[in-house]
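A look at the structure
Chain residues, written in single-letter form:
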Amino acid sequence: MMRTFDLEAAIGDWKSTLASKGIDKETLLELESHLRDFIADLRGQNISDESAFLRASKELSRDLAILQKELVDTRPSKALESATRIFHFNDLKIALRSIMKRPVTNLFNIAGLALGVIVFLLIMAFISTELSYDREFTHADRLYRLEFRIKNQGVVRPYSTSSPPIGPAISANLPEVASYVRLRHGDQGDPQLIENGDKRYYENRIFYADSTFFDLFDYPVIAGDAEQALNDPKSIVLTQQAALKYFGSSNVIGRTLLVDGNREFKVSLVLSDKLPSSHLDFDFLLPMTAYQPPSFGSLENWSWFTFYNYILLEPNANLDALETKIPQFLETHWREGISERVSLAVKPLTDIYLYSEENADKIGNSSSPVYIQVLSLFGSLLFVISILNYLALFRTLMRSRVDEFLVRKTFGANPQQIFKRVLNEAVMQGILTGTLAAMGIGFLYSFNPALLNNLLGSNGFPLLLFAFLIPVVIATLASFIIPTRSKSRKYANGELANEFRNKMIVAGQFGFTTLLIILSVMMTNQLHFISGRHLGFERENILVVSMLGEEAMQNFNSFKSEIIRTGNALQVGSARLGLEGRHGSYNLIPLGTSEEESYRMAIYPVGNEFLETLQIKIISGNTFQERPATDTTFQYIINQSAAKLLNWEEPVGRKVMLNGQGGMYGEIVGVVEDFNYRDLSYKLEPMVLFYRASATQFAYVRMPAGDHRATIENLSEIWNRTNPASPFVYEYLDTRLAGNYSQHKQVLHISDYLMYIALALSAIGLFGLTTHLTQLKSKEISIRRVMGSSVFAAYKLQVKQYLLLVTAGFLVATPLALFFVENWLDGFYYRIELSAIPVLVTFTGLCFVTLLVVSYGTLTTALKNPATVLRNKA
Amino acid sequence: MFSKELTAASSKPLILSLLAHGDNYGYNIIKQLKQLSNEKIIWSDAMLYPVLRRMENDKLITSYWQIEDGRKRKYYRITPAGKKEGARKTEEWQSTYDVLVKLRQPKLSTQ
């Protein structure tokens, strides 16, 4: 078959070849036109199509390289041109290749920085969430809480509560106050039974609130009228979550719920699920008009302070003026002379979450500035260290390539070109680090969205963006800081070593590392310490069963004897309260002394075998004894703090009156070790436990260790037999306590991780730095060897220098760290003492790591034939 | 054929001078210069277009597309700035040439 030449096809092929070399469309058209003219001319000379095409295309392609370079390069503007030069894809590919040549060092570098960035961003997110509490309310800046400060035995105690008549009175009488709202937990703060048909749960996220609640706190609403919501004494406000729980829908206005088994409430308002972050934490609001005070209290009682009073100030009201009027206000409306004992603090709403008073019923969410202090300090230190590490390792990497740069220079590269390579590699590293950091945050997010939602709020997206951009910026800057454009020449000449500056950098980094390690170890120790490693009672294998409601309480004994009889538990005790940190307080008056003497005590009414079940240690005296019903003397057991306060030689046997004169007459029968009925960031109060057979609201069931599933099933079965009317509600004691410490625990976990990350980063940093410096020294070491020094002598010299630097950094950083830690610890009532151990361990650890790295670096050089090393060194 | 340096130095004035006679396209520019120089000026096809592109960037010439014989051709036209530049360049070349001519005389007179 004759082969025919297809000119058009050949031209098409030719065009696509040129196009693939980056020549643009218009130039291509022009070249094609040229080619066709050329071919037409050649045809005129009787040359075949094929030969004409070959000749013409050869002519045109002869200097294709020139053509391509000129045509591709001459088009863009100057600025664009330089930009494309820096970020040319090929350049990045080359940079990536060069990074891959040193995978381990680069991985260290990239991972270290990514870790630092991730930690820093997460901490920033956490802090911004912590600071955002209660700021979303429209009137946040005009809202305050009135809190009692009560003087007792010369000590002023802060409370977060005040008495119920205060809100209405202050709002009516002081012009600065525009409005008020009172909040109170239901029945003594015990969980209340809420029912809708067969949906029956105990709830404790309930507040009674005045109808003005939504004037002060503008919560977003999905159904109902907030203005009217709490006007009717038979109305109830729900969160969407609660509405879904009881009705399976949020469209439930007008539906009824049964509270406490006998009171019906109509749903008047459903709040949106997107509630502003606030210290107030509730699922249900009931009208204050529906509140039934206990026998000893009333809404007119000024000395009954279990209410939270919030006030809204008038716009532009003078807070100082208000505060100066308060003592007179208390004198006028309460009673004369009261302001000597009681004062009223006006606390800004936005301070409540972070600075809540210790003597508070748990109103909801609270935190502590300690967390912010600890985490922001850790976060910034880690960030700084990771950047320093990055710079040090980057130096090392570049330094190790001086030979390569020299060769490039020999082959005609100018300093700018060498700098460009460095810059490209830095940008590439930044991109890799940023990707890793963003992926890390994304991974954490997908791994545990709940935790991160808590941490990030709705700021997830910018966080990822920041995670990517920060490393890119840092890396790019690194290439400018380390081998600057002007220095790239020096670089190429191998003259980077500036002895003194290098030493300062090393000492500085050692110092930073010391600071970070000492701070993180000591702060973490303190947090562990206050999180109650030692609670003073047994918390494992104990189930807390709610026995709420008259019937259940009365059935306690049959429930208990059934459990013991069937062998499902080792011991069962009971108490009025559930050890979640809540307690009442009474004045204790010793009998036989002057009337003036009275001591404020936390009180804990307990039933049978409470102390035994929880294995609370009795120091002196006895536990409670069963006494004849005719004996109306109360039995009291005090804790160590109370014994210390009372300061009696022998407290056991002393007669005292509780709840003031004419209160509960009784005898102290024993003293127990202090036990943590609440978070140890607060001081444990002097406490009186008193025996009351009817204190059976909570049953404490101590089970044998092991798998409790079968036991719990049995308990549930026994419960249903003995208490058919109420739901079986139980919780492990340690879970219950964890509620007290959940915030603590979270921060504790975070700070634990941070400590490990700090240690890891420090090790990476030291590795990078010392490797860098021993590299610089390799020439010196080799020369010393040539001049007759032994391997050991060369090694000793190096190690000595580094240990001196470690010591220098350590000596500067340690006092600084100790000073800071001491100041910080001063803010705690229960605190660890400064000890030398973490300091010494840090020092030893640093020396050890340094020794290891320096040994590696020095010995690899020192053991080599010095001639080999020197031959390769300029 | 001229040396590489001379070709490079002369390309701009030659193109400007040629375009001063009328608009022209790439292939024809090379062809006409070849004829005018008695085949002494032979430019590589690949060299011309970058030069044209640079001159266009420097606003010495402009370009437009025109359809001829059913084919598109890119024509170049000299701008006023190009004319000025061309005159200046020609002046330079003329001076150089004058000096060369004078130098060819056996007796050198500098006054």
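Nothing here was measured: the structure is a model prediction, and the numbers come from that model.

Along its length, chain A carries 28 helices and 24 strands. When each of the 874 residues of chain A is scored for burial, the buried share is 51%. Considering only residue pairs separated by 6 or more positions, chain A has 79% of its internal contacts joining residues 24 or more positions apart. Accessible surface for chain A amounts to roughly 39600 Å². Of this, 57% is attributable to carbon and sulfur atoms.

For the rest of this paragraph, the subject is the overall build of chain B. Scanning chain B from terminus to terminus reveals four helices and three strands. Overall, chain B shows an N-to-C arrangement of helices and strands of α-β-α-α-β-β-α. Every one of the 111 residues in chain B was classed for burial, and the buried ones make up 37%. Taking the intrachain contacts of chain B between residues at least 6 apart in sequence as the baseline, contacts between residues at least 24 apart amount to 45%. Carbon together with sulfur atoms contributes 54% to the accessible area of chain B, which is approximately 7200 Å² in total.

We now examine the nonpolar core. All names here are of chain A. By size, the foremost hydrophobic cluster in this structure holds 39 residues, and its most contacted members are Leu-382, Leu-519, Leu-754 and Trp-824. Elements with a minimum of two residues in this core: α7 (103–131), α13 (369–399), α19 (499–530), α25 (733–786) and α26 (791–825). Broken down by element, the residue count for this core peaks at 10 residues, all from α13. With residues up to four places along the chain from it excluded, the contact list for Leu-754 reads Val-119, Ile-123, Leu-375, Phe-378 and Leu-382.

Residue and element names in this part refer to chain B. Across the sheet, three strands lie side by side as β1-β3-β2; this open sheet has antiparallel pairing. Here the strands that pair on one side only, and so sit at the sheet edges, are β1 (24–25) and β2 (61–68). Taken together, the eight bridges between β2 and strand β3 (residues 71–78) define a ladder with antiparallel strand orientation. Counted as the bridge partner of Trp-65 is Lys-74 from β3.

All chains considered together, the criterion is met by three cavities of 30 Å³ or more. Ser-98, Ile-99, Arg-102, Asn-106, Phe-394, Leu-397, Met-398, Arg-401, Glu-425 and Gln-429 of chain A are the residues that line the largest cavity. Mapped by element, the contributors of at least two residues to the lining of the largest cavity are α6 (89–101), α13 and α15 (415–447) of chain A. In terms of residues, the lining of the largest cavity owes the most to one element, α13 of chain A, which gives three residues. A class-by-class count of the residues in the lining of the largest cavity yields four nonpolar, three polar and three charged. Lining the second largest cavity, in full, are Glu-30, Ser-33, His-34 and Asp-37 of chain A together with Tyr-25, Gly-26, Tyr-27, Tyr-49, Arg-73 and Lys-74 of chain B. Broken down by element, the lining of the second largest cavity gets its largest block of residues, four residues, from helix α2 (residues 25–44) of chain A. Its residues assigned to classes, the lining of the second largest cavity shows three nonpolar, three polar and four charged.

To continue, consider the interface of chain A and chain B. Facing the 19 residues of chain A at the interface are 20 residues of chain B. Summed over both partners, the interface of chain A with chain B buries about 1900 Å², with 52% contributed by carbon and sulfur atoms. Here Glu-30 of chain A ties to Arg-53 of chain B by a salt bridge, and the two come within 3.2 Å at their closest N and O atoms. The interface formed by chain A and chain B holds 11 residue pairs in polar contact (both at pLDDT 80 or more) in total. Only α2, α3 (49–61) and α4 (64–74) of chain A provide two or more residues apiece to the side of chain A that touches chain B. Here the side of chain A that touches chain B takes 11 residues from α2 of chain A, the largest share from any one element. Partitioning the side of chain A that touches chain B into residue classes produces six nonpolar, four polar and nine charged.

The next subject is the side chain of Ser-598 of chain A. Residues and elements named next belong to chain A. Relative to the elements of secondary structure, Ser-598 occurs in the loop between β16 (584–590) and β17 (599–606). Overall, Ser-598 belongs to the buried group, its relative accessible area being 15%. Other than its neighbours up to four places away in sequence, Ser-598 contacts Asn-152, Gln-153, Asn-587, Leu-588 and Ile-589.

All names here are of chain A. Relative to strand β5 (residues 199–203), strand β4 (residues 192–196) is paired through five bridges, and the arrangement is antiparallel. Each residue of the ladder has a partner; that of Ile-194, found in β5, is Tyr-201. From the end of β4 to the start of β5, which pair antiparallel, there are two residues, and Gly-197 there has a positive phi angle of about 60°.

All right, on to a nonpolar patch on the surface then. Residue and element names in this part refer to chain A. Judged by side-chain polarity, Val-473, Leu-477 and Ile-481 come together as a nonpolar surface patch covering roughly 280 Å² of accessible area. Secondary-structure assignment places Leu-477 in helix α17 (residues 460–481). The class for Leu-477 is partly exposed, based on a relative accessible area of 47%.

Residues and elements named next belong to chain A. Taken as a whole and assessed by the stated rule, the structure comprises 31 salt bridges over all chains. Between Glu-822 and Arg-831 there is a salt bridge whose closest N-O contact spans 3.1 Å. Here Arg-831 falls in the buried class, since its relative accessible area comes to 18%. Through salt bridges with shared partners, a single ionic network connects Glu-8, Lys-15, Glu-32 and Arg-36.

Criteria and thresholds
Residues numbered from 1 in each chain as written. Chains lettered and ligands numbered in written order. Predicted model: local features only at pLDDT ≥ 70, side-chain atom pairs only at ≥ 80, totals over all residues. Heavy atoms only, no water. Helix = DSSP H or I, 4+ residues; strand = E, 2+ residues; numbered from the N terminus. Buried < 20%, exposed > 50% of the residue type's maximum accessible area, 1.4 Å probe, protein only. Contact = heavy atoms within 4.5 Å. Areas by Shrake-Rupley, 256 points an atom, 1.4 Å probe, with all protein chains shown as cover. Core = buried A, V, L, I, M, F, W, Y, C linked by side-chain atoms within 4.5 Å. Pairing = 2+ DSSP bridges. 1 Å grid on protein atoms, 1.4 Å probe; cavity = no way out; pocket = protein on both sides within 12 Å on 5 of 7 lines; lining within 4 Å. Points joined across faces, edges and corners; volume = space filled by probe spheres on them. Nonpolar A, V, L, I, M, F, W, Y, C, P; charged D, E, K, R; others polar. Buried area = accessible area lost by both parts, 1.4 Å probe. Salt bridge = Lys/Arg side-chain N within 4 Å of Asp/Glu carboxyl O. Polar contact = N/O pair within 3.5 Å; in protein donor to acceptor, adjacent residues only side chain to side chain. Patch = residues over 30% accessible without salt bridge, like charges linked within 9 Å, V, L, I, M, F, W, Y side chains within 5 Å.

These results come straight from atomic positions and should not be treated as a statement about function.
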